[in-house]
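# Survey of secondary and tertiary structure
Residues per chain are reported as follows:
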Amino acid sequence: MREQKFVKQFRTAKIVHLGLLTGLEVIFLLSVFADKWLRLRVFSDRAVFTLCAITWLVLILAQCFLLYDFYKLRAFVQESHLLNQTAYLDRLTGIPNRYSLDELFRTYTTPESLEETGCLLFSIANLKTVNEVLGHKAGDSMIRDFCNIFEEIGDTFGFIGRNGGNEFVAVITPCSLQIVQDFRTTLENRISLYNKEHTAAPILLRSAYTLYAEEPVQTFTELLVLTYNKLYQISQS
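This text gives an overview of the structure that appears in the document. (Residues numbered from 1 in each chain as written. Predicted model: local features only at pLDDT ≥ 70, side-chain atom pairs only at ≥ 80, totals over all residues. Heavy atoms only, no water.)

### Concerning the overall build of the protein
What counts here: Starting at the N terminus, helices and strands are each numbered in turn, a helix being any DSSP run of H or I of at least four residues and a strand any DSSP run of E of at least two. Note that the radius of gyration is over C-alpha atoms, with the globule rule given as 2.2 Å times the number of residues to the power 0.38. Classification of residues uses two cut-offs on accessible area relative to the type maximum, computed with a 1.4 Å probe and protein chains only: under 20% is buried, over 50% is exposed, and between them is partly exposed. It only takes one pair of heavy atoms within 4.5 Å for two residues to be counted as in contact. To be clear on the numbers: accessible area is Shrake-Rupley with a 1.4 Å probe, and residue cover counts the displayed protein chains and nothing else. Positive charge is attributed to Lys and Arg, negative charge to Asp and Glu, and no charge count is given to His or to the chain ends. To locate a charge, take NZ of a lysine, CZ of an arginine, CG of an aspartate or CD of a glutamate.
If you tally the helices and strands in the protein, you get nine helices and four strands. Helices (α) and strands (β) of the protein occur, in sequence order from the N terminus, as α-α-α-α-α-β-α-α-β-β-α-β-α. For the protein, the C-alpha radius of gyration of 30 Å lies well beyond 18 Å, the compact-globule estimate for 237 residues. Considering only C-alpha atoms, the protein reaches an extent of 100 × 45 × 25 Å along its principal axes. Across the 237 residues of the protein, 32% fall into the buried class. Of all intrachain contacts in the protein linking residues separated by at least 6 positions in sequence, the fraction that spans at least 24 positions is 70%. Of the accessible surface of the protein, which amounts to about 14900 Å², a share of 60% is contributed by carbon and sulfur atoms. Taking the average place of the 23 positive charges on the side chains of the protein and the average place of its 25 negative ones, the gap between the two points comes to 12 Å.

### A look at the sheet that holds strand β1 (residues 118–124)
Two orientations exist for strands paired in a sheet by backbone hydrogen bonds: parallel and antiparallel. What counts, and what does not: The pairing criterion for strands is at least two bridges between them, as found by DSSP. Lines fitted to the C-alpha atoms define the axes, with helices restricted to the stretch that makes contact. Angles between their N-to-C directions range from 0 to 180 degrees.
The antiparallel open sheet is built from four strands, whose spatial order is β2-β3-β1-β4. Each having just a single partner strand, β2 (159–164) and β4 (205–211) make up the two edges of the open sheet. Strand-to-strand, the axes of this sheet are offset by a mean angle of 20 degrees, without reference to chain direction. Examined bridge by bridge, β1 and β4 share seven bridges and lie antiparallel to one another. Note on β4: the bridge partner recorded for Ile124 is Leu205. The strands touched by helix α7 (residues 136–154) within the sheet are β1, β2, β3 (167–172) and β4, with β3 carrying the most contacts at an inclination of about 5 degrees. Across the face of the sheet, helix α8 (residues 177–197) comes into contact with β1, β3 and β4 while running at roughly 170 degrees to β4.

### Some thoughts on the nonpolar core
Put simply, the rule reads: Nonpolar core, defined: a set of buried Ala, Val, Leu, Ile, Met, Phe, Trp, Tyr and Cys residues in which side-chain atoms within 4.5 Å join the residues together.
In this structure, Phe122, Ile124, Phe146, Phe150, Phe168, Phe183 and Leu187 are the most contacted members of the largest nonpolar core, which totals 26 residues. Elements that contribute at least two residues to this core include exactly β1, α6 (127–134), α7, β3 and α8. A per-element tally of this core places α7 first, with seven residues. Dropping the residues within four chain positions of it, Phe183 is found in contact with Leu120, Phe122, Phe150, Ile153, Gly154, Phe157, Ala170 and Ile172. The next biggest cluster of nonpolar side chains, apart from the first, holds 16 residues, and it includes Leu104, Tyr108, Phe220 and Leu223.

### A closer look at the packing of α7 against α8
For the record, the criterion: Crossing handedness follows the turn of the near helix against the far one: under a right angle anticlockwise gives a left-handed crossing, and clockwise gives a right-handed one. Here the nonpolar group is Ala, Val, Leu, Ile, Met, Phe, Trp, Tyr, Cys and Pro; Asp, Glu, Lys and Arg are the charged ones; every other residue, Gly included, is treated as polar.
It is at 10 Å that the axes of α7 and α8 come closest, and there the two elements cross at 145 degrees. For the pair α7 and α8, the crossing hand works out as right-handed. From α7, Asp145, Phe146, Ile149, Phe150, Glu152, Ile153 and Gly154 reach across to α8, where they touch Phe183, Thr186, Leu187, Arg190, Ile191 and Tyr194. Class assignment of the residues belonging to the contact of α7 with α8 gives a composition of eight nonpolar, two polar and three charged.

### Here we look at the state of the cysteines
As a reminder, the rule being used: Disulfides are defined as pairs of cysteine sulfur atoms found within 2.5 Å of each other.
This model, assessed by the stated rule, comprises zero disulfides. The thiol of Cys119 is unpaired, and the distance to the nearest cysteine sulfur, on Cys175, comes to 9.5 Å. Here Cys119 falls in the buried class, since its relative accessible area comes to 0%. Free cysteine Cys147: the closest other cysteine sulfur is in Cys119, separated by 16 Å.

### Some thoughts on a nonpolar patch on the surface
Which entries qualify depends on this criterion: Only residues whose relative accessible area exceeds 30% and that form no salt bridge are eligible for patches; like-charged ones are grouped when within 9 Å, while nonpolar side chains (Val, Leu, Ile, Met, Phe, Trp, Tyr) are grouped when within 5 Å. Each salt bridge in this description consists of a side-chain nitrogen of Lys or Arg and a carboxyl oxygen of Asp or Glu lying within 4 Å of one another.
Taken together, the side chains of Leu29, Phe33, Phe43, Phe49, Trp56 and Leu57 present a nonpolar region at the surface, about 590 Å² in accessible area. Elements supplying a minimum of two residues to the nonpolar patch: α1 (2–34) and α3 (46–88). In terms of residue count, α3 provides more of the nonpolar patch than any other element does, three residues in total. Look at Phe43 and you get exposed, because its relative accessible area is 51%.

Written out as structure tokens, the structure reads:
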């Protein structure tokens, strides 16, 4: 936010600066060519002509430097955007990473902020087997394919991200049991279609969820831990 505010203020200052310089150039030229006596003096006196030429060139150069500043500012914004993507997005899948999730979790710090919130956790049950049998490239490909589906569906329900490794999170507000069921059903249907085309390495999914309405807690971290414990119990059964 601070960076965006700085860029906005810097751009505004440069626009004002450019506007003032352009205005001075216009006034300078009008002053020379609109006044007949001054125009004759400028073109008849070498010293006055040289002084006016230097002044005009300085204004033009200052304008060029300002335009260059705008070019560098644009490059800075693009580079900053790429750095933010690197910081907030998972490198393998392109979906929000754990850092993004942590930033989101910090917005749920009171029971009031958690009202109507649901947390869902997913893991690929056969990822370890795929890595061992087909190799890690096949496992990475499976994760990417799952995340493409997960993002496409999850974005219509709420915020989704990769919690690290083989854990994927969805945070939905407002959330209800019906919304959870709709989300899981839609996701499972898409996974089923995917598996028909990838019989050598189908995605076998585990999932668990916790609704704040059913498990009142103080922070989102507690809601996540409850969901993680449920997922762990499922994986051990």
